[in-house]
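What follows is each chain in one-letter form.
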Amino acid sequence: MTKIICLLFLFPFLIAAQNGIVKGRVFNAINNQSIPFAKIKVIGISKGAIADVDGLFKISGLDPGVYSFKSSASEFQDKIINEITVTNSRTAVLEFSMLEIVVEQDEITIEASPFRKRNESPVSLKTLNSTEIERLPGANRDVSKVLQALPGVASRASFRNDIIIRGGSPGENRFYLDGIEVPNINHFATQGSSGGPVGLLNVNFIKSVDFYSGAFPANRANGLSSVISFKQKDGNPDAFITNFALGSSDAALTFDGPIGKKMDFIFSVRRSYLQFLFAALKLPFLPTYNDFQYKLNYKVNAKNKLTFIGLGALDDFALNASVNNGVTDSSTIEYNDYILGNIPVNDQWNYTFGVNWTHYANNSFQTLVLSRNMLKNVAIRYQDNIEEEANKLLDYSSIEAENKLRFEHTYNKSGWRFNVGFGYEYVKYSNSTYNKITIQGFPITIDYNSDLFLHKGSVFSQLNKSFLKDKLNLSIGLRSDINNYSDMMINPLNQLSPMFSFSYSITNKFSLNGNIARYNQLPAYTILGYRDNNLDLINKNNNLKYIKADHYVLGLEFLTKIKSRITVEGFFKNYMNYPFSITDSLCLANVGSDFGVVGNEEVTSSSNGRAYGAEFLYQQKLIKGFFGIIAYTYVRSEFTDKNNSYVPSSWDGTHSVSLTGGKRFKKGWEVGFRWLFSGGVPYTPIDVSTSSLINVWDINGRGLPNYNLLNTQRESNFHSLNVRIDKKLYLEKFSLNFYLDIQNVYGYKTMQAPILLLERDTNGNPIVDPIDPTRYKTKFIENATGIIQPTIGIILDFSVKAKRSKSL
């Protein structure tokens, strides 16, 4: 620590001459043709450049820091690229993809905005760039936690990364990485949902993220609550860059640079050390995760480009059997024993590989995407953790493998933009389940093997056009998804997804925007592949259907003169055909935020739901060193119970607030904060009468919810203040970033659902109820969560120059 403090004081005197370089290309977004002699300006200072005949430009002599850039060219709309970090150690590369101006009558001027709006998604689209992602306090460079700063996204008093959007479950989100679908972006993923405790994506790769909480484009519309599209950085064109990052839970090593004249790459590996930290803290579980990520670009020629991506994880979740050694506090021992008796040992790995080919023509471009993703999930649990066959309670092994193809054609002419395409998937799902459970107090054993092979298809189209001198923008889309699981699902008319969006500019700064759409989502493979004791696909026999959600969104947007915007949106989502558990008499929209598996049971497509509310957003881009986001969401989320009555769902937090702000100072200092608030979410109280039965507790090891009282209790409100301080040091060949990130600064504890435990004697054995010897004696203990979590991190970035031609 002393050495680090010395470095902080000494390095400012050792910094070499400042020579940050920005280079890039200006081109037509539709046909990739270079735009010669375009003007590129560094916003806020008197520096810039003029592109050459090939659209290439270079700006040098910049002091290290964060800059925004604007490009302009005759007959094209101006474009702004916000908040690009410039250092001495690496060249910043910008790509200005510009749209032609279509003039209906007289000449018009279209003013560039730092905020992105698309005709097909004029509402419910928020975009964050890499600088905004990396600096967010409390996120610890985890992209999933970054999204909690945006409206519509709930934050919870949990160490998990479940993304809960506008009252929908975590299983309703879809993720894309450079246009290639990725099933999950978290380690220790909950199969059948999308959450997990730690993010899988390396933030060093992320160039920007488009977050759609509604108004999904037709070529991405196979989710119900959100589509989250990540765009990755390209490898550096001029030098080989090495980046080392040490954070709160892992160490990461990233490499990027050129390969010859036409190729570049970026590659990273990460290794966690949580298992050592958790062991030192005497926690009952020991998670270990590893991951890799890469991207390779091959620019064949001016009209063709290939992008290869890869992403993979290897996760191990072990129990800390010696956690109670040396522990004298009885309540701590009780809690540890409870956790040890509940959590299975879990091994999991997954990967996604894909290639994206883009071809440019005169007024169009075509995209062909091929990918494969696979998940293997293994879990095992023994009674009292005695690893003998007679004590086995759970032995689960499952594989999901998807092979995907998608083709898109995008045509742009005279202001009309038309996108059309199709997709095909071949899916293999296998499941081996041995699970002892109880139903209504009676033990039963689920024991089956299942193999499922599916062919899935989709067709989609979207048409956009602007009218009234670009004051009115309209978009219509249509999509249909099918598969061969059943006669119901093979009929494309049953899964039609129409969509319509509009945006009307009342003034240059003020607009009215709206969207109405229907979306269809296939239930999880765990549901599709479940078999009963006769090895029949019982859910197929139950006429399982796609889940439907109708979205209605209306909003106002105001753009200020200080690089900020204010939006207000109202939304209503109407759900149909949601899977309903036969065993628990519970809509599966209420589950998905815990470890394990969602949907490995008999269901019917009989539950309905609704989520409605309003959002407010004030987003301030960096100006005079200040940045900030104010987000508020009011949401109600309700689904039908076994009596077909609407009751609050597990995501009905009602109020959600995120206040984010910060200031960049001179000499590389930056300070930021984020305050989060979420209303208490509902939970179902424990059925003590059933749970305390000896034959029930010995199998489950925990209290069972009383679903006759579904979600009738609420946790306490959650709030937390996170603070981050950064110090950046820039030298000629490398840069250093030291940061202190403190989560939950004032140590607020949230009261969650109480935990039911057994009363035990002095030897630790459970006490049988003397009045009823078929039961154990039980008690409740408080379940408070929330601690101060400080993190000291370091990020080192250094470069070695490489020879490469000036072509990009």
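Residues numbered from 1 in each chain as written. Predicted model: local features only at pLDDT ≥ 70, side-chain atom pairs only at ≥ 80, totals over all residues. Heavy atoms only, no water.

Asker: Outline the overall build of the protein chain, listing residues and values.
Answerer: Scanning the protein chain for helices and strands turns up 10 helices and 44 strands. What you see for the protein chain is a C-alpha radius of gyration of 27 Å, in line with the 28 Å of a compact globule of 808 residues. In terms of overall dimensions, the protein chain has a C-alpha envelope of 90 × 70 × 45 Å along the principal axes. Within the protein chain, the proportion of its 808 residues that are buried is 55%. For the protein chain, the proportion of contacts with a sequence separation of at least 24, taken over those separated by at least 6, is 67%. Of the roughly 33500 Å² that the protein chain leaves accessible, carbon and sulfur atoms contribute 58%. In the protein chain, which carries 84 positive and 73 negative side-chain charges, the distance between the mean positions of the two groups comes to 10 Å. (Helix = DSSP H or I, 4+ residues; strand = E, 2+ residues; numbered from the N terminus. Rg over C-alpha atoms; globule rule 2.2 N^0.38 Å. Buried < 20%, exposed > 50% of the residue type's maximum accessible area, 1.4 Å probe, protein only. Contact = heavy atoms within 4.5 Å. Areas by Shrake-Rupley, 256 points an atom, 1.4 Å probe, with all protein chains shown as cover. Lys, Arg positive; Asp, Glu negative; His and termini not counted. Charge placed at Lys NZ, Arg CZ, Asp CG, Glu CD.)

Asker: Run through the sheet that holds strand S5 (residues 65–72), naming residues and quoting values.
Answerer: Strands sit in the order S3-S2-S5-S6 across an open sheet of four strands; the sheet is antiparallel. In this open sheet, the two edge strands, each paired with only one partner strand, are strand S3 (48–50) and strand S6 (79–86). Geometrically, the sheet is characterised by an average inter-axis angle of 20 degrees between neighbouring strands, direction not taken into account. (Pairing = 2+ DSSP bridges. Axes fitted to C-alpha atoms, helices over the stretch in contact; angles between N-to-C directions.)

Asker: Would you mind going over helix H5 (residues 330–342) in detail, with residue names and values included?
Answerer: With 13 residues, H5 extends 19 Å from end C-alpha to end C-alpha; this agrees with the ideal 18 Å at 1.5 Å per step. Inspection of H5 places Glu334, Asn336, Tyr338, Ile339, Leu340 and Asn342 among the buried residues, and these make up the whole buried set. Looking at the buried side of H5, the elements it contacts are strand S20 (285–301), strand S21 (304–319), strand S23 (364–382), helix H10 (694–700), strand S42 (750–758) and strand S43 (778–785). (Expected span 1.5 Å × (residues − 1).)

Asker: Can you lay out the sheet that holds strand S8 (residues 125–129) for me, pointing to particular residues and giving the numbers?
Answerer: With respect to topology, five strands assemble into an open sheet ordered S8-S15-S16-S11-S12, the strand pairing being mixed. Looking along the sheet, the strands with just one partner apiece sit at the ends: S8 and strand S12 (180–182). Going from strand to strand, the sheet's axes swing by 25 degrees on average, the running direction of each strand aside. Taken together, the six bridges between strand S15 (residues 206–212) and strand S16 (residues 226–232) define a ladder with antiparallel strand orientation. Among the inter-strand pairings, Val209 is bridged to a residue of S16, identified as Phe230.

Asker: With reference to specific residues and values, describe unusual backbone geometry.
Answerer: Phi at Leu468 takes a positive value of approximately 55 degrees, unusual for a residue other than glycine. Here Leu468 shows up in the loop between strand S26 (442–467) and strand S27 (472–483). A positive phi is found at Ser585, a non-glycine position, where the angle reads about 55 degrees. Within the fold, Ser585 resides in the loop between strand S31 (564–581) and strand S32 (586–587). By relative accessible area, which is 24% here, Ser585 ends up partly exposed.

Asker: Describe the environment of Phe442, naming the residues involved and giving the relevant values.
Answerer: Mapped onto the elements of the fold, Phe442 is located in strand S26. The exposed category is assigned to Phe442, whose relative accessible area is 59%. Separated by 405 residues in the primary sequence, Phe442 and Phe37 have C-alpha atoms spaced 78 Å apart.

Asker: Explain the pattern of salt bridges to me, using residue names and the numbers behind them.
Answerer: According to the stated counting rule, one finds 34 salt bridges in the structure shown. Asp550 is the salt-bridge partner of Arg518, the closest N and O atoms lying 2.7 Å from each other. Of the two residues, Arg518 is situated in strand S29 (residues 510–521) and Asp550 in strand S30 (residues 547–559); the sequence distance between them amounts to 32 residues. For Arg518, a relative accessible area of 27% translates into the label partly exposed. Of the charged contacts in the structure, one is a salt bridge between Glu759 and Lys777, with a shortest N-O distance of 3.9 Å. Within this pair, whereas Glu759 is found in the loop between S42 and S43, its partner Lys777 is found in the loop between S42 and S43, the two being separated by 18 residues in sequence. (Salt bridge = Lys/Arg side-chain N within 4 Å of Asp/Glu carboxyl O.)

Asker: Break down a nonpolar patch on the surface for me, with residues and values.
Answerer: A cluster of nonpolar side chains, contributed by Phe665, Trp669, Val671, Ile725, Leu740 and Ile792, occupies part of the molecular surface with about 510 Å² of accessible area. Residue Ile725 is classed as partly exposed on the basis of its relative accessible area, which comes to 32%. (Patch = residues over 30% accessible without salt bridge, like charges linked within 9 Å, V, L, I, M, F, W, Y side chains within 5 Å.)

Asker: Can you tell me about the pairing of S23, naming the residues and giving the values?
Answerer: Across 16 bridges, the pairing between strand S22 (residues 345–360) and S23 is antiparallel. Within S23, the residue paired with Gly354 across the bridge is Ser371. Here S22 hands over to S23 after three residues, the two strands then running antiparallel side by side. As paired elements, S23 and strand S24 (residues 392–413) share 19 bridges and run antiparallel to each other. The partner of Ser371 across the bridge, within S24, is Lys404.

Asker: So what's going on with the nonpolar core? Which residues, and what values?
Answerer: By size, the foremost hydrophobic cluster in this structure holds 32 residues, and its most contacted members are Ile133, Ile228 and Phe230. Secondary-structure elements contributing two or more residues to this core are helix H3 (143–146), strand S11 (173–177), S12, S15, S16, S21 and strand S34 (626–640). Once residues lying within four places of it in the same chain are set aside, the contact partners of Phe230 are Val143, Phe175, Tyr176, Leu177, Asp178, Ile185, Leu201, Ile206, Ser208 and Val209. If you look at the next biggest cluster of nonpolar residues, it comprises 22 residues, including Ala38, Ile59, Leu62 and Phe69. (Core = buried A, V, L, I, M, F, W, Y, C linked by side-chain atoms within 4.5 Å.)

Asker: An account of the side chain of Ser268 is needed here, citing residue identities and associated values.
Answerer: Its place among the elements puts Ser268 in strand S19 (residues 263–272). Ignoring any residue separated from it by four or fewer positions in sequence, one finds Ser268 in contact with Asn202, Phe205, Leu253, Thr254, Asp291, Phe292 and Gln293.

Asker: Describe in detail the confidence of the model for the protein chain, supporting the description with residues and values.
Answerer: Looking at the protein chain as a whole, its pLDDT mean stands at 90, while 95% of the residues score no less than 70. Here residues 1–17 scores under 50 on pLDDT; set against residues more than four positions off or in separate chains, the count is 17 contacts. Counting contacts from residues 804–808, a segment whose pLDDT is below 50, to residues more than four positions away or on other chains yields 18 contacts. (pLDDT = per-residue confidence, 0-100.)

Asker: Let's hear about the packing of aromatic side chains: which residues, and what values?
Answerer: Summed over the entire model, instances satisfying the criterion amount to 22 aromatic pairs. Centroid distance Phe216 to Tyr519: 4.5 Å. Interplanar angle 35 degrees. Geometry classified as tilted. In this pair, Phe216 sits in the loop between S15 and S16 while Tyr519 sits in strand S29, placing the two residues 303 residues apart along the sequence. Both rings, one in Phe292 and one in Phe353, keep their centres 6.2 Å apart while their planes meet at 25 degrees; by these two values the pair is stacked. Separated by 61 residues along the polypeptide, Phe292 in strand S20 and Phe353 in strand S22 bring together distant segments of the chain. (Phe/Tyr/Trp six-rings, centres within 6.5 Å; stacked < 30°, edge-to-face > 60°.)

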